[in-house]
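Letter by letter, the chains look like this.
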Amino acid sequence: MFTFEPARLPESTRKLRQEVREFLKSEQPPGKAQVDAWLGAFSPDFSRKLGKQGYIGMTWPRRYGGHERSELERYVVLEELLAAAAPVSLHWVADRQMGPLILRYGTEEQKQRYLPKMAQGESYWAIGMSEPGAGSDLAAITAKLVPDGPGYRLSGQKIWTSGAHRSHYMMTLVRSGETSSDRHQGLTNVIVDLADPAVAIRPIRILNGEHHFNEVFFHDVSIPPESVLGVVGDGWTQVTEELAHERSGPERFLSTLPLLRSLSTYARSHDHVAFVREIMPLISELVTIRELSLAIAVILSQGGHPVVEAAVVKDMGTKLERKITEVAERILPQVPGCDQDDFTRLVTDSLLHGPGFTIRGGTNEILQGIIARGLGTR
Ligand SMILES: Cc1cc2nc3c(=O)[nH]c(=O)nc-3n(C[C@H](O)[C@H](O)[C@H](O)COP(=O)(O)OP(=O)(O)OC[C@H]3O[C@@H](n4cnc5c(N)ncnc54)[C@H](O)[C@@H]3O)c2cc1C
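### A closer look at the overall build of the protein
A count of helices and strands for the protein gives 13 helices and seven strands. In terms of overall dimensions, the protein is globule-like: its C-alpha atoms have a radius of gyration of 21 Å, near the 21 Å expected for 378 residues. Its C-alpha atoms put the protein at 70 × 45 × 40 Å along the principal axes. Of all 378 residues assigned to the protein, the portion counted as buried reaches 54%. Summarising the internal contacts of the protein: among those between residues at least 6 apart in sequence, 72% fall at separations of at least 24.

Written out as C-alpha cells, the structure reads:
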C-alpha cells in the first residue's frame, strides 16, 4: 500500500519563497526560458551563488556544509528555481541524489571529502546506472569491478549518462561479485573520478544537436578502496533507496512549465475556448500532482522511503509533461521547428525532449509495475 498525507507548507516558507524570488531577480543569468532547464541549462557561477546563498544541501548537517533546513523549505526553493527555469543542471544530481546517498551510506571520510564542495555548488555528479543491455532491467549490469592490489579495477560501459561531460564524479553501479541466481546480490556503488584518463566520455546528441547525455567507457580504471560507497555488495539496497529521491521531486512535473505558461498566455488571447477546455484541466492536474509530491517531501523528512509513492508522482507527472506538449502542438498555429517566437521554440524543444520524460529515471511501464506491487495486485 501507499500513503499520501496532505501536507501544508509552514508559514516560514512564505518568506523563504519571497527571498528566493528576490535572489533570482538579481542573480539569475539573462536568457530565454527553456524546457528541461534542470537537465540542460547550466552556469558554474550561478551554481556557486546558489551554494553561497545556502540553497544547495539545504537539509544536510552543518558539519558537512549543509544548512539543516527542512525538506519542505528545500521543496520551496526547488519549485522557485524550476518555475524560473534557472540554470541548475550542474549541481542538480549532487544536491538531489548523491549528497543524500553519501550522507546515508558513505564513510565519515567520504562525507567530509565530498559533501561540503557539493553544498558550495562546486562539485558536479553524474548517475552511472544504465548500460546498453541494462536499463529497466538494471540488475543485468555487467560493468565489472575486480580486486587489484589494495583496491580494484573497473572495466565496462555506461550509457545515457546525463551531464557526465560536465561532471567531476559519477556514482557508478557495478558488478563486484559473481552473478548468482539472485542478480541483486554482488552489486556495488563506486565513486569514479571522471577526470581519470582511463575513463572515456562520448557524446550522444539529440536531433537538434544538443548534447546532454553520453556513453562512458571504463578502460581498467583504478578504483581505490576509499571510493567504494559504504560496503561492497550493498549496491542494490543503496540504488533502490536513491530512486525515491530521483523520482519524487517537482522536476518530474515542472520540466514543461515554461511551455504551459507560454501556452496559457497564447490561448487566453487567441483561443479562449481552448484555454477553458484544454489548458485549465492541465493546470488543475499540475496542482494535484504538486500536492502528491509535497506529501512525499514530508515522508522523506520523516526518514521514510516512499518508493511506491515516488513512482506514482513520476508516472503522473511525466505523463502531464507530455500532455502539455501535445496540447501545445495542437494549438500552435505554425509548424514546430520554425524558430520564430518563444511559444514555437518551446513547443519544438518539448517535442524533442518529450520522449525522454517518460523514460529517464525509470520508464512509466516499470513505474506502473512498482505501483501494482505496492498495491498488492501483482
Ligand atoms: C533524457 C534521459 C536521461 C537519462 N539519464 C540517465 C543518467 O543520467 N544515468 C543513467 O544511468 N541512465 C540515464 N537514462 C537512462 C534511463 O534510465 C533508461 O533509458 C531507462 O531506465 C530505460 O532503459 P532502456 O533505455 O534500456 O530501455 P529498456 O529497458 O530496454 O525498455 C524499452 C521499453 O520496454 C519497456 N519495458 C522494459 N521492461 C519492461 C517490463 N518488465 N514490463 C513492461 N515494459 C517493459 C520499457 O518501459 C520501454 O518502453 C536517461 C534516459 C533519458 C531518456
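### Looking at the site of the ligand
In the vicinity of the ligand, 17 residues are found, and the nearest of them are Ser130, Ser136, Trp160, Thr363 and Glu365. Between the ligand and the protein, one listed contact pairs an oxygen atom with a backbone N or O atom of Met129 at 2.9 Å. Here an oxygen atom of the ligand sits 2.5 Å away from a polar atom, N or O, in the side chain of Ser136. Contact with the protein chains removes 63% of the 970 Å² of surface that the ligand exposes when unbound. Of all the secondary-structure elements, those providing two or more residues to the shell around the ligand are β7 (211–223) and α13 (364–375). For the shell around the ligand, a count of residues per class yields six nonpolar, nine polar and two charged.

### Looking at the environment of Pro30
Along the chain, Pro30 falls in the loop between α1 (12–27) and α2 (37–40). In sequence terms Pro30 and Ala86 are 56 residues apart; their C-alpha atoms lie 9.6 Å from each other.

### Topic: unusual backbone geometry
Not every positive phi belongs to a glycine, and Glu68 is a case in point at roughly 50 degrees. On the basis of relative accessibility, which here comes to 47%, the residue Glu68 falls in the partly exposed class.

### Thoughts on the packing of aromatic side chains
Taken as a whole and assessed by the stated rule, the structure comprises eight aromatic pairs. Note on Phe23 and Phe46: the rings are 6.0 Å apart at their centroids and 40 degrees apart in plane angle, and the pair reads as tilted. Placement of Phe23 in helix α1 and of Phe46 in helix α3 (residues 44–53) is noted, with a sequence separation of 23 residues between them. Each of the two residues, Phe23 as well as Phe46, counts as buried. Both rings, one in Trp125 and one in Tyr169, keep their centres 4.9 Å apart while their planes meet at 40 degrees; by these two values the pair is tilted. Here the residue Trp125 occupies a position in strand β1 (residues 125–128), and Tyr169 occupies one in strand β4 (residues 169–175), the gap between them amounting to 44 residues. The exposure class of Trp125 is buried, given its relative accessible area of 2%. You can call Tyr169 buried: its relative accessible area is 16%. Of note, Arg166 hangs over the ring of Phe42, and the distance from its end group to the ring centre comes to 3.7 Å.

### Side note on the packing of helix α5 (residues 89–105) against helix α6 (residues 108–119)
Direction vectors running N to C along α5 and α6 enclose 160 degrees, while the axes themselves pass 10 Å from each other. As summarised for this structure, α5 and α6 are arranged roughly antiparallel, according to the angle between their axes. For the pair α5 and α6, the sense of crossing is left-handed. Between α5 and α6, the contacting residues are Ala94, Met98, Gly99, Ile102 and Leu103 on the first element and Gln110, Lys111, Tyr114, Leu115 and Met118 on the second.

### A short note on the pattern of salt bridges
For the coordinates displayed, the defined rule picks out 27 salt bridges. The shortest N-O distance in the salt bridge between Arg74 and Asp95 comes to 3.2 Å. Residue Arg74 is found in helix α4 (residues 71–83), and its partner Asp95 is found in helix α5; the two are separated by 21 residues along the sequence. In this structure, Arg74 and Asp95 share a single accessibility class: buried. Among the charged side chains, a salt-bridge network with shared partners connects Glu27, Asp45, Arg48, Lys49, Lys117 and Glu122.

What counts, and where the lines are drawn
Residues numbered from 1 in each chain as written. Predicted model: local features only at pLDDT ≥ 70, side-chain atom pairs only at ≥ 80, totals over all residues. Heavy atoms only, no water. Helix = DSSP H or I, 4+ residues; strand = E, 2+ residues; numbered from the N terminus. Rg over C-alpha atoms; globule rule 2.2 N^0.38 Å. Buried < 20%, exposed > 50% of the residue type's maximum accessible area, 1.4 Å probe, protein only. Contact = heavy atoms within 4.5 Å. Near = heavy atom within 4 Å. Polar contact = N/O pair within 3.5 Å; in protein donor to acceptor, adjacent residues only side chain to side chain. Areas by Shrake-Rupley, 256 points an atom, 1.4 Å probe, with all protein chains shown as cover. Nonpolar A, V, L, I, M, F, W, Y, C, P; charged D, E, K, R; others polar. Phe/Tyr/Trp six-rings, centres within 6.5 Å; stacked < 30°, edge-to-face > 60°. Lys NZ or Arg CZ within 6 Å of the ring centre and 35° of its normal. Axes fitted to C-alpha atoms, helices over the stretch in contact; angles between N-to-C directions. Parallel < 35°, antiparallel > 145°, perpendicular 65-115°, else oblique. Left-handed = near helix turned anticlockwise from the far one by under 90°. Salt bridge = Lys/Arg side-chain N within 4 Å of Asp/Glu carboxyl O.

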